[in-house]
Amino acid sequence: MTDITEKFKILAKWWHEDTVFLSGGMENDPSYRHIIALGPKVIPYILEDLRDKGGHWYRALSELLEDTPYIPPELYGK
């Protein structure tokens with residue numbers, strides 16, 4: 001496991017645990033901000049985590065890609 005993989009997994013675990021009961025503001029969590037600071041190289045890890053655990057990663061993807069990812073209407077809420 002690479003250093004970036006380990007960092008992401010630890011930070012993502014903390015983020016999921018710290019925000020499980022929140023309905024908003026999850027992108028202000030320190031772990032989330034540290035993940036963003038790791039840069040675009042974490043995008044594959046975010047996509048994997050999103051697929052496996054769900055969560056509100058869309059703002060992170062938007063920040064890292066410097067764009068808003070297109071989500072087809074048939075996938076809204078999935």
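This text follows the structure it describes.
Nothing here was measured: the structure is a model prediction, and the numbers come from that model.

1. Details of the nonpolar core
- Among the nonpolar cores identified, the biggest contains 17 residues, and F8, I35, V42, I46 and W57 are the most heavily contacted of them.
- Listing elements by their share of this core, those giving two or more residues are α1 (3-19), α2 (30-37), α3 (43-53) and α4 (58-65).
- Among the elements that take part in this core, α1 stands out by supplying five residues, more than any other.
- Apart from the residues within four sequence positions on either side, F8 is in contact with I35, L38, V42, Y45, I46, D49 and W57.

2. Structural notes on the packing of aromatic side chains
- All chains considered together, the criterion is met by five aromatic pairs.
- A ring pair is formed by F8 and W57, whose centres lie 5.8 Å apart and whose planes are at 35°; its orientation type is tilted. Taken as a pair, F8 in helix α1 and W57 in the loop between α3 and α4 lie far apart in primary sequence, 49 residues in all. Just as F8 is buried, W57 falls in that class too.
- Ring plane angle 40° and centroid distance 5.2 Å describe the contact between W15 and Y32, whose orientation is recorded as tilted. Here W15, found in helix α1, pairs with Y32, found in helix α2; they are 17 residues apart in sequence, far enough to count as distant. Like W15, the residue Y32 is buried in the burial classification.
- Put simply, the rings of F8, W15, Y32, Y45 and W57 pair up and form one aromatic cluster.

Definitions and limits used
- Residues numbered from 1 in each chain as written.
- Predicted model: local features only at pLDDT ≥ 70, side-chain atom pairs only at ≥ 80, totals over all residues.
- Heavy atoms only, no water.
- Core = buried A, V, L, I, M, F, W, Y, C linked by side-chain atoms within 4.5 Å.
- Buried < 20%, exposed > 50% of the residue type's maximum accessible area, 1.4 Å probe, protein only.
- Helix = DSSP H or I, 4+ residues; strand = E, 2+ residues; numbered from the N terminus.
- Contact = heavy atoms within 4.5 Å.
- Phe/Tyr/Trp six-rings, centres within 6.5 Å; stacked < 30°, edge-to-face > 60°.

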